[in-house]
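# Summary of the model geometry
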Amino acid sequence: MSAQISVLVLHGPNLNLLGLREPQIYGSLTLQEIDSLLLTESVVLGVSVVTQQSNQEGTLIDAIHSSYQQYQGILINAGAYTHTSVAIADALKAVRIPTVEVHLSNIYQRESFRHHSYIAPVAIGQISGFGAQSYCLGLRALVGYLRDNPKL
Ligand code: DQA
(Lines give C-alpha, C1' and ligand atoms only; values in the text may rest on other atoms or scores of the structure.)
Protein backbone atom coordinates (compact mmCIF):
# COMPACT_ATOMS: atom_id res chain seq x y z
CA MET A 1 0.00 0.00 0.00
CA SER A 2 1.32 3.47 -0.83
CA ALA A 3 2.10 6.01 1.91
CA GLN A 4 -0.67 8.35 3.02
CA ILE A 5 -0.84 11.69 1.19
CA SER A 6 -0.11 14.72 3.41
CA VAL A 7 -1.48 18.13 2.52
CA LEU A 8 -0.50 21.50 3.99
CA VAL A 9 -3.34 24.02 4.15
CA LEU A 10 -2.18 27.63 4.32
CA HIS A 11 -4.49 30.48 5.28
CA GLY A 12 -3.19 33.99 4.67
CA PRO A 13 -3.81 37.37 6.30
CA ASN A 14 -7.05 38.31 8.03
CA LEU A 15 -8.52 34.84 7.63
CA ASN A 16 -8.12 34.40 11.39
CA LEU A 17 -10.98 36.94 11.63
CA LEU A 18 -13.45 34.82 9.65
CA GLY A 19 -16.83 34.81 11.32
CA LEU A 20 -16.37 38.45 12.31
CA ARG A 21 -14.94 39.74 9.03
CA GLU A 22 -17.45 40.92 6.39
CA PRO A 23 -19.73 37.87 6.82
CA GLN A 24 -21.84 38.99 3.84
CA ILE A 25 -18.75 38.29 1.68
CA TYR A 26 -16.89 35.56 3.56
CA GLY A 27 -19.71 33.75 5.37
CA SER A 28 -20.27 33.19 9.06
CA LEU A 29 -17.97 30.23 9.73
CA THR A 30 -14.84 30.81 11.79
CA LEU A 31 -11.45 29.62 10.59
CA GLN A 32 -11.56 26.91 13.24
CA GLU A 33 -14.88 25.67 11.80
CA ILE A 34 -13.41 25.66 8.28
CA ASP A 35 -10.40 23.70 9.55
CA SER A 36 -12.71 21.17 11.13
CA LEU A 37 -14.66 20.79 7.84
CA LEU A 38 -11.31 20.12 6.17
CA LEU A 39 -10.41 17.57 8.80
CA THR A 40 -13.71 15.73 8.19
CA GLU A 41 -13.08 15.86 4.42
CA SER A 42 -9.54 14.54 4.92
CA VAL A 43 -10.88 11.50 6.80
CA VAL A 44 -13.32 10.79 3.95
CA LEU A 45 -10.47 11.11 1.44
CA GLY A 46 -8.02 9.10 3.53
CA VAL A 47 -5.33 11.80 3.60
CA SER A 48 -3.71 13.80 6.36
CA VAL A 49 -4.09 17.56 6.57
CA VAL A 50 -2.14 20.14 8.58
CA THR A 51 -3.49 23.68 8.69
CA GLN A 52 -1.63 26.92 9.40
CA GLN A 53 -2.68 30.57 9.34
CA SER A 54 -0.43 33.60 9.29
CA ASN A 55 -0.79 37.31 8.78
CA GLN A 56 2.90 37.53 7.80
CA GLU A 57 4.08 37.04 4.23
CA GLY A 58 7.49 35.74 5.40
CA THR A 59 5.91 33.16 7.71
CA LEU A 60 3.83 31.83 4.83
CA ILE A 61 6.96 31.66 2.66
CA ASP A 62 8.86 29.82 5.42
CA ALA A 63 5.97 27.35 5.72
CA ILE A 64 6.11 26.72 1.96
CA HIS A 65 9.89 26.15 2.15
CA SER A 66 9.50 23.72 5.07
CA SER A 67 6.85 21.78 3.19
CA TYR A 68 9.51 20.56 0.76
CA GLN A 69 9.72 16.75 1.02
CA GLN A 70 7.21 16.85 3.87
CA TYR A 71 3.90 17.40 2.07
CA GLN A 72 2.73 16.13 -1.29
CA GLY A 73 0.30 18.98 -1.86
CA ILE A 74 -0.50 22.52 -0.76
CA LEU A 75 -3.97 24.09 -0.52
CA ILE A 76 -3.66 27.84 -0.17
CA ASN A 77 -5.89 30.82 0.40
CA ALA A 78 -3.28 33.57 0.39
CA GLY A 79 -5.91 36.25 1.13
CA ALA A 80 -4.83 39.68 -0.09
CA TYR A 81 -1.29 38.37 -0.78
CA THR A 82 -2.88 36.55 -3.71
CA HIS A 83 -2.98 39.89 -5.50
CA THR A 84 0.39 41.28 -4.39
CA SER A 85 2.92 38.60 -3.54
CA VAL A 86 5.48 37.67 -6.16
CA ALA A 87 7.45 36.18 -3.25
CA ILE A 88 4.78 33.61 -2.31
CA ALA A 89 4.41 32.64 -5.98
CA ASP A 90 8.21 32.27 -6.24
CA ALA A 91 8.30 30.05 -3.12
CA LEU A 92 5.60 27.77 -4.56
CA LYS A 93 7.49 27.61 -7.85
CA ALA A 94 10.72 26.78 -6.01
CA VAL A 95 9.41 23.81 -4.01
CA ARG A 96 7.36 22.49 -6.96
CA ILE A 97 4.67 21.01 -4.72
CA PRO A 98 1.33 20.66 -6.52
CA THR A 99 -0.82 23.54 -5.24
CA VAL A 100 -4.49 24.40 -5.42
CA GLU A 101 -5.55 28.01 -4.84
CA VAL A 102 -8.86 28.66 -3.10
CA HIS A 103 -10.97 31.69 -2.26
CA LEU A 104 -14.16 31.95 -0.26
CA SER A 105 -15.49 34.79 -2.39
CA ASN A 106 -15.66 34.94 -6.18
CA ILE A 107 -12.70 37.24 -6.70
CA TYR A 108 -13.77 37.94 -10.32
CA GLN A 109 -17.08 39.45 -9.18
CA ARG A 110 -15.30 41.93 -6.93
CA GLU A 111 -12.99 44.96 -7.26
CA SER A 112 -10.68 44.78 -10.29
CA PHE A 113 -7.54 44.63 -8.09
CA ARG A 114 -8.78 41.22 -6.89
CA HIS A 115 -9.03 39.85 -10.44
CA HIS A 116 -5.31 39.20 -10.73
CA SER A 117 -3.66 36.35 -8.86
CA TYR A 118 0.11 35.84 -8.66
CA ILE A 119 -0.60 32.31 -7.37
CA ALA A 120 -2.76 31.17 -10.32
CA PRO A 121 0.12 30.66 -12.81
CA VAL A 122 1.96 28.39 -10.38
CA ALA A 123 -1.12 26.46 -9.18
CA ILE A 124 -2.72 23.40 -10.75
CA GLY A 125 -6.02 25.24 -10.54
CA GLN A 126 -8.17 27.64 -8.61
CA ILE A 127 -11.54 27.39 -6.85
CA SER A 128 -13.25 30.66 -6.02
CA GLY A 129 -16.68 31.68 -4.82
CA PHE A 130 -18.10 28.69 -2.96
CA GLY A 131 -17.55 29.97 0.57
CA ALA A 132 -16.16 27.37 2.97
CA GLN A 133 -16.96 24.71 0.35
CA SER A 134 -14.15 26.17 -1.82
CA TYR A 135 -11.70 24.60 0.64
CA CYS A 136 -13.36 21.16 0.57
CA LEU A 137 -13.68 21.23 -3.22
CA GLY A 138 -10.05 22.34 -3.45
CA LEU A 139 -8.88 19.54 -1.19
CA ARG A 140 -10.82 16.98 -3.24
CA ALA A 141 -9.37 18.34 -6.49
CA LEU A 142 -5.83 18.35 -5.08
CA VAL A 143 -6.04 14.78 -3.76
CA GLY A 144 -7.53 13.60 -7.06
CA TYR A 145 -4.64 15.22 -8.90
CA LEU A 146 -2.04 13.69 -6.55
CA ARG A 147 -3.59 10.22 -6.95
CA ASP A 148 -3.64 10.58 -10.74
CA ASN A 149 -0.06 11.88 -10.81
CA PRO A 150 1.92 9.90 -8.25
CA LYS A 151 5.53 11.05 -7.89
CA LEU A 152 7.96 8.70 -9.57
C1 DQA B 1 -10.00 36.01 -0.30
C2 DQA B 1 -10.18 37.09 -1.38
C3 DQA B 1 -9.09 38.15 -1.26
O4 DQA B 1 -9.27 39.14 -2.26
C5 DQA B 1 -9.16 38.82 0.10
O6 DQA B 1 -8.13 39.77 0.24
C7 DQA B 1 -9.14 37.83 1.21
C8 DQA B 1 -9.94 36.62 1.09
C9 DQA B 1 -11.17 35.00 -0.32
O10 DQA B 1 -11.01 33.95 0.28
O11 DQA B 1 -12.23 35.28 -0.89
O12 DQA B 1 -8.52 38.04 2.25
O13 DQA B 1 -8.81 35.29 -0.56
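In the block above lies the structure referred to throughout.
Just so it is clear, the model here is predicted, and its values are computed rather than measured.

## Quick word on helix α4 (residues 86-95)
Within α4, the full set of buried residues consists of Ile88, Ala89, Ala91, Leu92 and Val95. Viewed end-on, α4 has its buried residues packed into an arc of 160°, placing them on one side of the element. Projecting away from the buried face of α4 at angles above 90 degrees are the exposed residues Lys93 and Ala94. Check the buried side of α4 and you find it contacts α3 (57-66), β3 (73-77) and β4 (99-103). Of the residues trailing α4, arginine 96 is marked for its positive phi of about 55°.

## Some details on the pattern of salt bridges
Pairs can form between side chains of opposite charge once their charged atoms are near each other. Across all of its chains, the model carries three salt bridges by this definition. Close ionic contact of arginine 140 with glutamate 41 constitutes a salt bridge, the shortest N to O distance being 3.0 Å. Residue arginine 140 is located in helix α5 (residues 133-148), and its partner glutamate 41 is located in helix α2 (residues 31-45); the two are separated by 99 residues in the primary sequence. In this structure arginine 140 comes out as partly exposed when scored by relative accessible area, which is 41%. Taking the relative accessible area as the measure of exposure, glutamate 41 reaches 14% and is therefore buried. The salt bridge involving arginine 110 is made with glutamate 111; its shortest N-O contact spans 3.8 Å. Among the residues examined, glutamate 111 registers a relative accessible area of 34% and is labelled partly exposed. In the salt-bridge network here, residues are joined through shared partners; they are Arg110, Glu111 and Arg114.

What counts and what doesn't
Residues numbered from 1 in each chain as written. Predicted model: local features only at pLDDT ≥ 70, side-chain atom pairs only at ≥ 80, totals over all residues. Heavy atoms only, no water. Buried < 20%, exposed > 50% of the residue type's maximum accessible area, 1.4 Å probe, protein only. Helix = DSSP H or I, 4+ residues; strand = E, 2+ residues; numbered from the N terminus. Arc of directions from axis to C-beta. Contact = heavy atoms within 4.5 Å. Salt bridge = Lys/Arg side-chain N within 4 Å of Asp/Glu carboxyl O.

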